Every structure is written in structure tokens, then in C-alpha cells.
Amino acid sequence: MSEPVTIRVPEASDFETLAALERQCFSDPWSESSLREMAASPHTRYLAAEYEGRIVGYCGAQVVLDEGDILRIAVDETVRRQGIGRALLAALWQCTPEICLWNLDVRAGNEAARALYCKNGFIPVGTRKNYYREPAEDAVLMRRKG
């Protein structure tokens, strides 16, 4: 990447792009209205990654007291493996210093995502059988100390 990625809170006009990323990245995409609702909650933190004037990724997390659950991380397939997911996670840690424990679920077969999470301090702590649909797949539960 020739210029740095900017991580920021999504603006109202960004949610159409976030929904498009959902459709590109997930077999069970959340709608634009669902994303807007989630982001409006006082218990969530959403961040967008902007590169060359366009949104290329985002993450969303639910925060309750001193625990956080990563709900989604999506990165445009045209710019994957260039540090955007890592930058989103780093920004999330920075804006939630109160979090002592992070949790997430990831498809067992999503090797790239699992590698990203392991490189960022997550360890597998369990499996949720048949957690995902379309296609059916187990989830690996991962945890990281804040």
C-alpha cells in the first residue's frame, strides 16, 4: 500500500459500503439497517478502514463492562493481506482500554482469519459445533486478554 490506511468511526454515509462489504465477505450478511442499529448502540464500537478515499474494511465489537466480543471484521478482497485487519484490531484495542478479555467466533475453515487472530494474541479455547450455516461449519471460539 502506497499510503497509510486511516481508521475512523464510520459516518452515516458509510453504511451502504459496510453492507456491501458484508455481502462480499460473509455468507450470512447483515443488512445496512442492522449495521446502523448495531453501531448506534452504546455497547458497540465500530471502526472503518479507509484507503485511497474509499472504505476497504470495518470491524464491530460489543462491549459490556470490561469484556468485549468482536462481532465482525471485514476487509475488501482486493486489499486483503496488507495489514488492514491488523490495523483495525490495533485501533479497537486503543479505543477500548477498559477491556480485560476479548472473545470471538471464527469459521473453523477460515485459515486466514484464524492466523490474523493468533498473530494478535487470540488463542483457541473451544468449538461450537455446526455454529455456521450456508455452508454448515463449526466455529472456533477464541479469546485474548485485553
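Everything numeric in this text was worked out from a predicted model, so none of it was measured. (Residues numbered from 1 in each chain as written. Predicted model: local features only at pLDDT ≥ 70, side-chain atom pairs only at ≥ 80, totals over all residues. Heavy atoms only, no water.)

A. Inspection of the packing of aromatic side chains at higher detail. In the structure shown here, the tally under the stated rule is 5 aromatic pairs. Ring centres 6.0 Å apart and planes at 10° place the aromatic pair Tyr46 and Tyr58 in the stacked group. Placement of the pair is Tyr46 in strand 2 (residues 44–51) and Tyr58 in strand 3 (residues 54–64), with a sequence separation of 12 residues. You'll find Tyr46 and Tyr58 in the same group, each marked buried. A ring pair is formed by Trp93 and Phe122, whose centres lie 6.0 Å apart and whose planes are at 40°; its orientation type is tilted. Of this pair, Trp93 sits in helix 3 (residues 84–95) while Phe122 sits in the loop between helix 4 (111–119) and strand 6 (123–132); the two residues are 29 residues apart in sequence, bridging distant segments of the chain. An identical accessibility class is assigned to Trp93 and Phe122; each is buried. Connected via pairs of aromatic rings, a cluster forms that spans Trp93, Trp102, Tyr117 and Phe122. Directly above the aromatic system of Phe26 lies the positively charged group of Arg72, at a separation of 4.0 Å from the ring centroid. A cation sits over an aromatic face here: Arg72 above Trp30, 4.2 Å from the ring centre. (Phe/Tyr/Trp six-rings, centres within 6.5 Å; stacked < 30°, edge-to-face > 60°. Helix = DSSP H or I, 4+ residues; strand = E, 2+ residues; numbered from the N terminus. Buried < 20%, exposed > 50% of the residue type's maximum accessible area, 1.4 Å probe, protein only. Lys NZ or Arg CZ within 6 Å of the ring centre and 35° of its normal.)

B. Quick peek at the sheet that holds strand 6. Read across the sheet, 7 strands follow the order 1-2-3-4-5-7-6 without closing on themselves; strand pairing throughout is mixed. If you trace the sheet from one side to the other, it starts and ends with strand 1 (6–8) and strand 6, each paired once. Each adjacent strand pair in this sheet contributes to an overall mean axis angle of 25°, direction not counted. Relative to strand 5 (residues 101–107), strand 4 (residues 67–75) runs parallel, the two sharing 3 bridges. Within strand 5, the residue paired with Glu67 across the bridge is Leu101. Each of strand 3 and strand 4 touches helix 1 (residues 15–25); the most contacted strand, strand 3, lies at about 90° to it. Packing of helix 2 (residues 32–40) onto the sheet brings it into contact with strand 2, strand 3 and strand 4, and relative to strand 2 it is tilted by some 120°. (Pairing = 2+ DSSP bridges. Axes fitted to C-alpha atoms, helices over the stretch in contact; angles between N-to-C directions. Contact = heavy atoms within 4.5 Å.)

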